[in-house]
Structure formats: structure tokens, C-alpha cells
Amino acid sequence: MMSDDRRSLRTRFAEDAERYERARPAYPAAVFDDLAAFAHLAPGARVLEIGCGTGQATLPLAERGYRIVAVELGPELAAVAQHKLAGFPAVEINVSAFEDWLLPEDPFDAVVSATAFHWIDPDVRVGKCAAALRPGGTLATIATHHIAGGDEAFFAEVQSCYERWDPTTPPGLRLQAAAAIALDTAELDRSGVFETPIFRRYEWDQTYTTRTYRDVLLTYSNHRALEPARQAGLLNCITHLIETGYGSRITKRYMTELRLAHRNAAPFEE
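All values derive from a computational prediction rather than experimental measurement.

Novice: Just give me the short version of the overall build of the chain, but keep the residues and values in it.
Specialist: Tallying secondary structure elements over the chain gives twelve helices and seven strands in all. Expressed as a percentage of the 270 residues in the chain, the buried residues total 50%. Pairs at least 24 apart in sequence give 77% of the contacts found in the chain among residues at least 6 apart. Counting every atom, the chain has about 12,800 Å² of accessible surface; 51% of that belongs to carbon and sulfur. Counting 28 positive and 37 negative side-chain charges, the chain places the averaged centre of each group 3 Å from the other.

This is the structure we're talking about:
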């Protein structure tokens, strides 16, 4: 069951939808190539997207000609996505928590959740995704990790800002190498509904100016949840470090992880 704190945090993304759309980086194109190949998705395939946000994953899916039903908790985020996807009549966006949304009778060929699956109630998400899929259909979850690389010295130094202004920051926290991040199969394995998942990983760098880095930080729920004085102190500390030590520009390394699993062919019973 999801805690009240988690429920509150997952609504933070909708507080500034335009900033979210502007600041959040896009997903690597190879993610959607690999999804299409694994799931055998052709134009016209039915895709359910959970937590579409402002449509960062929805747009490349729509450009492939899929018929998409998207569910988004935040009405402000959904409005941006609807504007962005206005030229794709086969895309339908619903404003709802996925836990509360009624599944349509027709099953989907794929269920996709990009940087949102971990926000869904763990007691609901796997079973409801399985119920939404046809036998043999694909569950695809996309996660984004900040990993070692880029301006590593900056990310080591900046921890002092977090330890000073964010009381939840563990002392001495350092970025992990991609290879050190475990492949998470446990939840799908326990369900008995999905075949053994496979993973695809993509590492890439994103360079930010001071302004654009502040922007992206303010799309993260934990930063937005800080009380105003702490949030201002943290952002000012980070700004000072970038401006004085890194020439007003830093590079961050990301790893995008695609987890793919086929639903078992046996009939599903909730």
C-alpha cells in the first residue's frame, strides 16, 4: 500500500507543468526501437501509457502510428500533453490515477510507463497491467538513473549543499556506476503473470547551464517538497558552485533503463 507521503510526492510534478515540459530531457530514440522490436508492435497496435506526463514518451510512440490510451494523474501535465499530441487523433489522454481508472474491455498489445511506474501503488500496478494486456502482450517500464560520469567532481562537491539544506540526504552519498545498479526482476517474478524480463540500458550525457540545471532540479518531487527557505538555500548553494567552480556549465550522465516482459499466455485471473 502506498504511504500518504508517497501520494503527496507524486502530485508534485503537476505543480509547474510548463517547466516540466521545458526542462526534462527526452528519452533516447533507441528505447522505442527496442520496445517495438521486442513487442512486435506495428502501426495500429494498441498501447496503454501510464503516467504520460507532458508526453515525452507519448510523442515518439504516436509517431510510430500506435493507437494510444494514456492515463495521467496531473491535469496540468495532461493539458500540455493534449496540446502536444493534438495532431494525433489516435491518442486519447485520460486524467486519473491509474489505480482508480477503469480498464477498457479491449486488451492492449503493450503497457508502457516511462519514469512513472515506481509511483503507482505496488499492490496494484503489476496485476492491473497484466489485466490490461492481451496474452503475450508486453509490459515496458522505463527508468532513469543519474550515474557516475560527466562532471563527477561537481556531483561529489554538491553533496555538501544537500547535506546542509536537505535533511533527508545521506552523508557521503556518491553516484554509482551503471554496472552497480541491480536489475530488478523480483516484483515481476513474484507475480507469476509475466515471463522473465529482459533489460536494455542506454548511457548518455546532458550538459546544463546554471539556469537550465536549476530548472531541471525544480521538476524533481523531492526538491519541490522542500520548505521554501531550504529549497532556496539549496538552489543558491548549487548555483554558487556551478558559477564559481565550473564555468556556469555542468554535464550530467544519465542511464535510461528499459525493462521488457511478456505477459504469460495463460488466461489472467485477478
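So much for the structure itself; the text now carries on.
Novice: Can you break down the environment of Pro75 residue by residue, with the values?
Specialist: Looking at the element boundaries, Pro75 is found in helix 5 (residues 75–84). Measuring from C-alpha to C-alpha, the distance between Pro75 and Val193 comes to 32 Å, with 118 residues separating the pair along the chain.

Novice: Any chance you could break down the sheet that holds strand 1 (residues 46–50) for me, citing the residues and the numbers?
Specialist: The seven strands are arranged 3-2-1-4-5-7-6 in an open sheet whose pairing can be described as mixed. Edge positions in the sheet fall to strand 3 (91–95) and strand 6 (198–209), since each of these pairs with one other strand and no more. Neighbouring strand axes in the sheet, compared pairwise and without regard to direction, differ in orientation by 20° on average. Of the strand pairs in this sheet, strand 1 and strand 4 (residues 108–114) are connected by three bridges, and their pairing is parallel. Along strand 4, the bridge assignment pairs Glu49 with Val112. Packing of helix 10 (residues 210–217) onto the sheet brings it into contact with strand 6 and strand 7 (249–262), and relative to strand 6 it is tilted by some 135°.

Novice: Report on unusual backbone geometry, specifying residues and quantitative values.
Specialist: With a phi close to 55°, His40 is a non-glycine residue in the positive phi region. Positionally, His40 belongs in the loop between helix 3 (29–39) and strand 1. The phi dihedral of Ser248 falls on the positive side, at around 70°, and the residue is not glycine. Locating Ser248 in the fold gives a position in the loop between helix 12 (228–245) and strand 7.

Novice: Any chance you could break down the state of the cysteines for me, citing the residues and the numbers?
Specialist: In the structure shown here, the tally under the stated rule is one disulfide. The disulfide that involves Cys161 links it to Cys237, with 2.1 Å between the sulfurs. Measuring the twist about the S-S bond at about -75°, one finds the Cys161-Cys237 disulfide to be left-handed. Of this pair, Cys161 sits in helix 8 (residues 159–165) while Cys237 sits in helix 12, and the two are 76 residues apart along the sequence. Pair check on accessibility: Cys161 and Cys237 agree, each one buried. Its sulfur unpaired, Cys52 is 15 Å from the next cysteine sulfur, which belongs to Cys129.

Novice: Please provide a residue-by-residue account of the pairing of strand 2 (residues 67–72), values included.
Specialist: Most of strand 2 sits inside the fold, with five of its six residues counted as buried. Bridging between strand 1 and strand 2 involves five bridges; their strand directions are parallel. Bridged to Arg46 within strand 2 is Arg67. Examined bridge by bridge, strand 2 and strand 3 share five bridges and lie parallel to one another.

Novice: Give me the packing of helix 10 against helix 12: which residues, what numbers.
Specialist: At a minimum axis separation of 10 Å, helix 10 and helix 12 run at an interaxial angle of 150°. Looking at the two axes, helix 10 sits roughly antiparallel to helix 12. For the crossing formed where helix 10 meets helix 12, the hand is right-handed. In this structure, helix 10 uses Thr210, Tyr213, Arg214 and Leu217 to contact helix 12, whose residues at the interface are Leu235, Asn236, Ile238, Thr239, Ile242 and Glu243. Tallied by class, residues from the contact of helix 10 with helix 12 come to five nonpolar, three polar and two charged.

Conventions adopted
The numbers attached to residues start from 1 for each chain and follow its sequence in the written order. The model is predicted, so local features are restricted to residues of pLDDT at least 70 and side-chain atom pairs to those at 80 or more, both for listing and for counting; the totals for chains, interfaces and linings are taken over all residues. Neither water nor hydrogens contribute to the side-chain values; these are computed over all heavy atoms in the structure. Secondary structure elements are defined from DSSP: runs of H or I of at least 4 residues count as helices, runs of E of at least 2 residues count as strands, and each element is numbered from the N terminus. Buried residues are those whose accessible area, probed at 1.4 Å on protein chains only, stays under 20% of the maximum for their type, while exposed residues exceed 50% and partly exposed ones sit between those limits. Contacts: residue pairs with any heavy atoms within 4.5 Å of one another. Computed with the Shrake-Rupley method and a 1.4 Å probe, the accessible areas treat only the protein chains shown as cover for residues. Counted charges follow a simple rule, with Lys and Arg positive, Asp and Glu negative, and His plus the chain ends left uncounted. Where a charge sits is defined by one atom per residue type, namely NZ (Lys), CZ (Arg), CG (Asp) or CD (Glu). Pairing between strands is defined by DSSP: at least two bridges between the two strands are required. The convention used is that axes are lines fitted to C-alpha atoms, helices contributing only their stretch in contact, and that angles between N-to-C directions extend from 0 to 180 degrees. By definition, disulfides here are pairs of cysteine sulfur atoms that lie within 2.5 Å. The labels follow the angle: roughly parallel below 35 degrees, roughly antiparallel above 145, roughly perpendicular from 65 to 115, and oblique for the rest. Whether a crossing is left-handed or right-handed is set by the direction in which the near helix is turned from the far one by less than a right angle, anticlockwise for left-handed and clockwise for right-handed. The residue classification treats Ala, Val, Leu, Ile, Met, Phe, Trp, Tyr, Cys and Pro as nonpolar and Asp, Glu, Lys and Arg as charged. All others, Gly included, are polar.

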